[in-house]
Each structure stands twice: as structure tokens, then as C-alpha cells.
Amino acid sequence: MAIVEQEGHDALTLRAVAKELGYVPAALYRYFPSKDALVAALQRRAIASLGGELAEPVARAAREPLAALLEIADVYLGFPRKDPRSFALIATLLGDQESRKTAPVLMTILSAVSEVFASAARRGKLSEGDALTRTLGFWGALHGVAALEKTRGIAPELPTARAVGLASAAALLVGFGADRAELERELSARLTIKERSQKAVRVA
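Just so you know, these numbers come straight off a predicted model, no measurement behind them. (Residues numbered from 1 in each chain as written. Predicted model: local features only at pLDDT ≥ 70, side-chain atom pairs only at ≥ 80, totals over all residues. Heavy atoms only, no water.)

**A few points about the overall build of the protein**
Line of reasoning, step 1. Looking only at helices and strands, the protein features eleven helices and zero strands.
Line of reasoning, step 2. Listing every helix and strand of the protein by position from the N terminus yields α-α-α-α-α-α-α-α-α-α-α.
Line of reasoning, step 3. Oriented by its inertia axes, the alpha-carbon framework of the protein measures out at about 60 × 40 × 25 Å.
Line of reasoning, step 4. By residue count, 43% of the 204 residues in the protein fall in the buried class. (Helix = DSSP H or I, 4+ residues; strand = E, 2+ residues; numbered from the N terminus. Buried < 20%, exposed > 50% of the residue type's maximum accessible area, 1.4 Å probe, protein only.)

Here it is, written out as C-alpha cells:
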């Protein structure tokens, strides 16, 4: 994971890993038949780590589904900072045969978040709609915004990825039928004073 973080996915080879660990490359083939098998195993571990982070907001969804969805967004937006290696691996999900073994781990998380969306609709907090489609749209938007944080390195005056991501999440929820005023309150409670002062972080 350190090799991926520091040098990128292409630098990760079984030879490089063996060198870091002080093994001969052939020793690693006893555990992983290929580089893709190693990457897929790391990705499963990264996704499981994210799932652990999301467990608490998912658990509170029965009481406050909209607040839980904003908290899920907040956790995901903070994940690149909290665990950059895992986030980098999730960001480079592979589509090969080996990575398909990762699907059940990923689907466990997506299903849990999807149930939050379904619960919100059942309680009248969102309009009726396909919960998995909403989950994927929500995740895709957050993932894209999380990648924007790097732009602040060259333009620090831009709003934080967290602030823009939470506002984007709230805007999506309004599009899914949530009450704008309720989301404005939830968003305001979650943002810092500085973030609340920026027009870019208000619910669109």
C-alpha cells in the first residue's frame, strides 16, 4: 500500500513488494499468483476499512435518515485524509477477473447505504426511487469531489472538498425529494463557521 501511495499503481510489482519485505519474489507467489491478485486483496482490505468507518452512520439511519446520509457523505469525504492508502486503492478499482472477487465486499457496503436511502423513502424523508441507483449516484458525486482536494494545493482559496461535497450531497438529497429547510439545518450544523460563510457550500 505504501508503494501505491508513494509511486502509483504501476510501480506495484511482486518484485517491488518482495524487495520491501526482504523476500525473494518467488516466495510471494505462494500467496498471490499475480500482481492483480495482490492488488485485489489490498482493495478488499481497503473497502472493508471504509465499511467499518460507515457502520456508525448507517446504524443511526433508522432514527435520522437524512442526518445519517450527510454523515455517510462526511465520512467518505474524510476518508482520503484519514486513510489515503486505502482511498487510493478504492479509487483504482480494477475490472479484471481477480478483482471480481472484490464485488461481494463492495456490495455489502453499497447495500447498507442503499438501505439507508430506502429507509428514508419509507419514512417520507425522500420521494420513492431506486435506492441502489441513488446510492451509486451519491457515491460517484462524493468520489469526484474528494479528488478535488488536490486542487487546493495550487488554489488554496477554493472551498474545501468536504464543504463542497456536503453541499453536493445535500443538493442530491433535495433532488431525491428531501425537504430543503431540513437539509439546510443539518448542513449548517455539520459545517464550520468558515465553511458556512462560503456561497459554494449552500444547498443548490
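Following the structure, the description resumes.
**Things to note about the packing of aromatic side chains**
Line of reasoning, step 1. As enumerated under the stated definition, the model contains four aromatic pairs in all.
Line of reasoning, step 2. Summarising the aromatic geometry, the rings of F117 and F176 are spaced 5.9 Å apart at their centres and angled 80 degrees between planes, so their arrangement reads as edge-to-face. Taken as a pair, F117 in helix 7 (residues 103-122) and F176 in the loop between helix 9 (161-175) and helix 10 (180-190) lie far apart in primary sequence, 59 residues in all. Note on accessibility: F117 and F176 belong to one class, buried.
Line of reasoning, step 3. Counting every residue linked through ring pairs, the aromatic cluster contains Y76, F87 and W139. (Phe/Tyr/Trp six-rings, centres within 6.5 Å; stacked < 30°, edge-to-face > 60°.)

**What about helix 9?**
One turn of the α-helix equals 3.6 residues, which is why residues spaced by three or four share an orientation.
Line of reasoning, step 1. With 15 residues, helix 9 extends 21 Å between its outermost C-alpha atoms, agreeing within 8% with the 21 Å of an ideal straight helix rising 1.5 Å per residue.
Line of reasoning, step 2. Trailing helix 9 by a residue or two, G177 shows a phi angle of about 105 degrees, which is positive. (Expected span 1.5 Å × (residues − 1).)

**Things to note about the layout of surface pockets**
Line of reasoning, step 1. Quantified by volume, the largest pocket comes out at close to 320 Å³.
Line of reasoning, step 2. Forming the walls of the largest pocket are E5, P80, P84, F87, A88, A91, H143, A146, A147, E149 and K150.
Line of reasoning, step 3. Put simply, the parts of the chain that give the lining of the largest pocket at least two residues each are helix 6 (84-91) and helix 8 (131-147).
Line of reasoning, step 4. With four residues, the top contributor of residues to the lining of the largest pocket is helix 6.
Line of reasoning, step 5. Grouping the constituent residues of the lining of the largest pocket by class yields seven nonpolar, one polar and three charged.
Line of reasoning, step 6. As for the second largest pocket, its lining consists of 13 residues, and the residues nearest its centre are M1, V17, L21, L38 and L42.
Line of reasoning, step 7. Listing elements by their share of the lining of the second largest pocket, those giving two or more residues are helix 1 (2-7), helix 2 (14-21) and helix 4 (35-59).
Line of reasoning, step 8. Considering every element that reaches the lining of the second largest pocket, the biggest residue donor is helix 2, with three residues. (1 Å grid on protein atoms, 1.4 Å probe; cavity = no way out; pocket = protein on both sides within 12 Å on 5 of 7 lines; lining within 4 Å. Points joined across faces, edges and corners; volume = space filled by probe spheres on them. Nonpolar A, V, L, I, M, F, W, Y, C, P; charged D, E, K, R; others polar.)

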